[in-house]
Amino acid sequence: MKPPEYFLFDLDNTLYDRRCGLFAAVDARINRYLEEFVGIPTAELDWRRRAYWQAHGTTLNGLMIHHGVEPLHYLDYVHDVDLSLYLAADPELGRLLARLPGKKYIFSNASRKHCRRVLERLGVAEFFAGCFTIEYFSFRPKPDPAIYRELLAEIGGRPAAGVMVDDLPVNLEPAAALGLTTFLLAPEAAAPQPAGFSGPRRISQLAELLEIG
Ligand SMILES: [Mg+2]
């Protein structure tokens, strides 16, 4: 492809390695929120979260619809972790972002505050032209196809000129359907893609994006 005009990056488990444990810490706080503020019994946490995620895209959307949860209260609580325990400055990521062509945006189901804190902790905030977080789309999450169209309209992005990177295949499907080039970040997936594979291209690290231009 021609050099991309813009990149849409997922944040959690994409800009940092999931093995650092940050997302697991947020996950534990989601469970605590469900128990303490919503009153869901411990034994029901797993299947309730899975049911909300499958039906509504995020646990938050299920909680808003079924329990009247106030979204900012939930987001502040679940993201209230000490980032210094999990993340350090990542100058290598900064050098990569500086070398990639075009504008870079964050496209995340997390909160604006969480995105800003993570980018600042990694030391890469300056490389992003904007953050499209869950608040921006009135708490509609990826993979709702409507928000992908709204995002492209907002940035004036031509689908064929754009790249999206995410660690969840389901989040890439609407982008691919619009015509963006999609990359699945899958650090543990060593298996090559079969011939004729039509899904997202798999990369094991973000540095492989330098080879697409
Ligand atoms: Mg992610």
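Cut-off values and rules
- Residues numbered from 1 in each chain as written.
- Predicted model: local features only at pLDDT ≥ 70, side-chain atom pairs only at ≥ 80, totals over all residues.
- Helix = DSSP H or I, 4+ residues; strand = E, 2+ residues; numbered from the N terminus.
- Rg over C-alpha atoms; globule rule 2.2 N^0.38 Å.
- Buried ≥ 20, exposed ≤ 12 C-beta atoms within 10 Å, placed from the backbone.
- Contact = placed C-beta atoms within 7 Å.
- Arc of directions from axis to C-beta.
- Axes fitted to C-alpha atoms, helices over the stretch in contact; angles between N-to-C directions.
- Parallel < 35°, antiparallel > 145°, perpendicular 65-115°, else oblique.
- Left-handed = near helix turned anticlockwise from the far one by under 90°.
- Nonpolar A, V, L, I, M, F, W, Y, C, P; charged D, E, K, R; others polar.
- Pairing = 2+ DSSP bridges.
- Domains from an automatic or database assignment.

A. Up close: the overall build of the chain. Helix and strand content of the chain: eight helices and six strands. The C-alpha radius of gyration computed for the chain amounts to 17 Å, which stays within 12% of the reference 17 Å derived for 213 residues, consistent with globular compactness. Based on the C-alpha atoms only, the size of the chain along its principal axes is roughly 50 × 35 × 35 Å. Scored against the burial criterion, the 213 residues of the chain give a buried share of 31%. In the chain, the share of contacts with a sequence separation of at least 24, taken over all contacts with a separation of at least 6, comes to 64%.

B. Representation of helix H4 (residues 71–78) within the structure. Among all positions of H4, only Tyr74, Leu75 and Val78 are buried. Around the axis of H4, the buried residues are gathered within 95 degrees of arc, so they sit on the same side. Residues of H4 that are buried make contact with helix H1 (22–38) and helix H3 (59–67).

C. Quick peek at the packing of H1 against H4. One way to put it is that H1 packs onto H4 with a least axis distance of 8 Å and a crossing angle of 135 degrees. In terms of their interaxial angle, H1 and H4 are classed as oblique. Every pair of crossing elements has a handedness; the one defined by H1 and H4 is right-handed. Of H4, the residues touching H1 (which contributes Val26, Arg29, Ile30 and Tyr33) are Tyr74, Tyr77 and Val78. Looking at side-chain class alone, the contact of H1 with H4 contains six nonpolar, no polar and one charged residues.

D. Spatial organisation of the sheet that holds strand E1 (residues 6–9). Pairing in this open sheet of six strands is parallel, and the strands run E3-E2-E1-E4-E5-E6 from one edge to the other. The sheet is open, and its two borders are formed by strand E3 (130–132) and strand E6 (201–203), each paired with just one other strand. Put simply, the sheet's adjacent strands are angled 25 degrees from each other on average, direction ignored. Here E1 runs beside strand E4 (residues 162–166); their pairing, made up of four bridges, is parallel. When the bridges of E4 are listed, Leu8 appears paired with Met164.

E. A look at the domain arrangement of the chain. Here the domain parsing of the chain yields domain 1 (6–17 + 89–211) and domain 2 (22–78). Centre-to-centre separation of domain 1 and domain 2, based on C-alpha positions: 24 Å. With nine residues of domain 1 at the interface, the matching set in domain 2 holds nine residues. Residues belonging to the side of domain 1 that touches domain 2 are distributed by class as follows: four nonpolar, three polar and two charged.

F. Focus on unusual backbone geometry. Backbone torsion omega between Lys142 and Pro143 reads 5 degrees, so that peptide bond is classified as cis. Of note in the backbone geometry, Asn13 takes a positive phi value of approximately 65 degrees without being a glycine. Relative to the helices and strands, Asn13 is located in the loop between E1 and H1. Here Asn13 falls in the partly exposed class, since 17 other C-beta atoms lie within 10 Å of it. For Phe139, which is not a glycine, the phi torsion comes out positive at approximately 70 degrees. Inspection of the secondary structure assignment puts Phe139 in the loop between E3 and helix H7 (145–155).

G. Representation of the pairing of E4 within the structure. When you tally the buried positions in E4, you get five out of five residues, the bulk of the element. Burial along E4 is two-sided: Gly162, Met164 and Asp166 facing one way and Val163 and Val165 facing the other are all buried. Summarising the sheet, E4 and strand E5 (residues 181–185) pair through four bridges and their orientation is parallel. Within E5, the position partnered with Val165 by the bridge is Phe183.

H. Broad picture of helix H6 (residues 112–122). What H6 keeps buried is the set His114, Cys115, Val118 and Leu122. The buried residues of H6 occupy one face: seen down the axis, they fall within an arc of 100 degrees. Where the residues of H6 are buried, they touch helix H5 (91–99), strand E2 (103–107) and E3. Immediately beyond the C-terminal end of H6, within one or two residues, lies Gly123, with a positive phi of roughly 75 degrees.

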